[in-house]
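Listed below, chain by chain, are the residues.
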Amino acid sequence: MTHNGRVISLPEGKEGNPAIKLSVASEPLIKPGTLPRILVIGGGVSGLMTAWILLDKGYRVTVISKEWAWTKDFQRSRLTSQIAGALWEYPPGGCGLTEIESPGGGWATIHHYREWSLESYDFYKQLDSLLSGRLRTEFGVAIKKLNQFFYHDLTAPNEANTEDIEKLEALRADSDRVSNLQEQKNKEDLAPLFDNIRVPKEWRKKLKYGYTHDAPIINTDKAMVYLMALVESKGAELETKELEGKLQDQGSDLLEEYKAQAIINATGLGAKELVGDTDVYPVRGAIKRISNDNTNRFEAMNEAYLVPAQVGDDKEPTKVVFLVPRNDETLIVGSIIQRNSHQLNLQENSPDVEVMWDRACSFMPGLDDAPTVPWYPLAQGLRPFTKKNVKVRADDIQVKPLIHNYGHGGSGWTLAVGCARSAVNLLELMLSGMSAVEANATLYPV
Ligand SMILES: Cc1cc2nc3c(=O)[nH]c(=O)nc-3n(C[C@H](O)[C@H](O)[C@H](O)COP(=O)(O)OP(=O)(O)OC[C@H]3O[C@@H](n4cnc5c(N)ncnc54)[C@H](O)[C@@H]3O)c2cc1C
């Protein structure tokens, strides 16, 4: 298979990522030659996207993982990366006010999140236009209109809407990279959006501002299967294995065992144990999965609707309304955001799930008529957060190159491509002779 017409070109990023090319063909873009083997730990989106970039650059890659995405038995519980909706959101997104714990610092700033998300946006857009017919359905990416609504007028600053205004201003500045940004500044502008889905009066009264733009929506069941098959066809070796104990104590042995010269740690929540990062914590999430296929009384939706978490009148974060139609005739309705909940024991009739569902139905009454997807009505998982934001860093306590790429919270698909590029960038700086400290300082100058 040739690479002609099957290549995604991502230009140099604003936070220092060099330009790269990725091919959707089954062979690597550059055949493996003298470049070393890299060991990737973790088979979620963060590990597999990093593996794809490495393979197309001509590296040999082994991915080891405790668990993988399910490729057929979709009734069973899934990997976090497969549970996600997944909607692309301009950061901070996902979990609204809690998405970025350390806005002023930590391992990455809001500027990194935004740049990484925009690099991913470019990737999904190109992928969508590149893949056609069967292949497009196989990855399951769709670019759809996202309608977002706010309780506060974003032209009139007050103590509750500062963060939303800052985000909108940044989005305006980036509107050359996000397609079709349009603002709805008053009731008259908002009315047509509400009319489309018959939003009731109580909500119309509450919502004062809106904006819309095109957003990638990823069918994560398909995309995970696609990513696994793609990296394998490009030559990656995939091995099922759980690493126990501290990576710091076994790094050299692992490198020797796998004949590799560097390690990428993309273990999500697993990093808490594996590298002893006590800042890692879970945020439980759940989404209902609805049939969106026009075979019942519910009129199928083709646009996404989001009322993100915002500061409410009581100064507390409000709850989210999240209605996201995938391209596989499933509508994702969410979501639940619960910090430090480890138990995946929610049921369709759990009070938290019922409250979430009632909120979505009150926003869009027709939802009451919609049946859930019978074979997998409720998906729940643990978003991998860290108190210091997503960590894409070279590890300075290791002699050999060890690069971390974990802690993506509620935005792993939004950030995946940008973060994977930065992880590879750090790796190449270290392979060229830099220390971890120098590599980090190059990517994150103070
Ligand atoms: C309900 C819900 C909704 C979401 N919605 C969205 C959304 O709309 N948009 C969005 O962008 N994101 C969303 N997310 C977040 C997204 O799913 C995560 O950020 C993303 O999946 C993290 O990917 P990851 O590869 O870093 O981690 P994971 O998918 O958790 O993968 C980690 C991998 O590491 C392996 N591993 C861990 N420890 C070890 C070990 N010791 N040895 C070997 N292997 C190990 C695991 O088996 C796994 O394969 C959502 C999440 C949830 C739960």
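Residues numbered from 1 in each chain as written. Predicted model: local features only at pLDDT ≥ 70, side-chain atom pairs only at ≥ 80, totals over all residues. Heavy atoms only, no water.

J.: An account of the site of the ligand is needed here, citing residue identities and associated values.
T.: As a structural note, the neighbourhood of the ligand is formed by 37 residues, with Ser-46, Ser-65, Ser-81, Leu-87 and Gly-409 the closest of them. A distance of 3.1 Å is found between an oxygen atom of the ligand and a backbone nitrogen or oxygen belonging to Gly-43. Side-chain polar atom of Ser-46 to an oxygen atom of the ligand: 2.7 Å apart, as the coordinates give it. Bound to the protein, the ligand loses 96% of the 1000 Å² it would expose on its own. Those elements that provide at least two residues to the shell around the ligand are α1 (45-56), α2 (80-83), β10 (280-291), β15 (378-386) and α12 (412-431). (Near = heavy atom within 4 Å. Polar contact = N/O pair within 3.5 Å; in protein donor to acceptor, adjacent residues only side chain to side chain. Areas by Shrake-Rupley, 256 points an atom, 1.4 Å probe, with all protein chains shown as cover. Helix = DSSP H or I, 4+ residues; strand = E, 2+ residues; numbered from the N terminus.)

J.: Which residues make up the sheet that holds strand β17 (residues 402-406), and what values go with them?
T.: Sheet architecture is open: six strands sit in the order β8-β4-β3-β9-β17-β16, paired in mixed fashion. Both edges of this open sheet fall to β8 (237-240) and β16 (391-394), since each of them pairs with a single strand only. The mean inter-strand angle of the sheet, taken between neighbouring strand axes irrespective of direction, is 15°. Sheet analysis places strand β3 (residues 37-41) next to strand β4 (residues 60-65), joined by five bridges and oriented parallel. The residue bridging Arg-37 from the neighbouring strand is Arg-60, located in β4. (Pairing = 2+ DSSP bridges. Axes fitted to C-alpha atoms, helices over the stretch in contact; angles between N-to-C directions.)

J.: Please set out the nonpolar core residue by residue, giving values where relevant.
T.: In summary, soluble globular proteins display a tendency toward joint burial of nonpolar side chains. If you look at the biggest cluster of nonpolar residues, it comprises 62 residues, and the most contacted ones within it are Met-49, Trp-52, Phe-123, Phe-139 and Trp-413. Counting residues per element, this core draws most heavily on α12, at 12 residues. Apart from residues lying up to four places away in sequence, Met-49 is in contact with Leu-22, Phe-123, Leu-227, Ala-416, Val-417 and Ala-420. Grouped together as the second largest cluster of nonpolar side chains are 28 residues, Ile-83, Phe-150, Ala-170 and Tyr-376 included. (Core = buried A, V, L, I, M, F, W, Y, C linked by side-chain atoms within 4.5 Å. Buried < 20%, exposed > 50% of the residue type's maximum accessible area, 1.4 Å probe, protein only. Contact = heavy atoms within 4.5 Å.)

The values are spatial; any link to function lies outside them.
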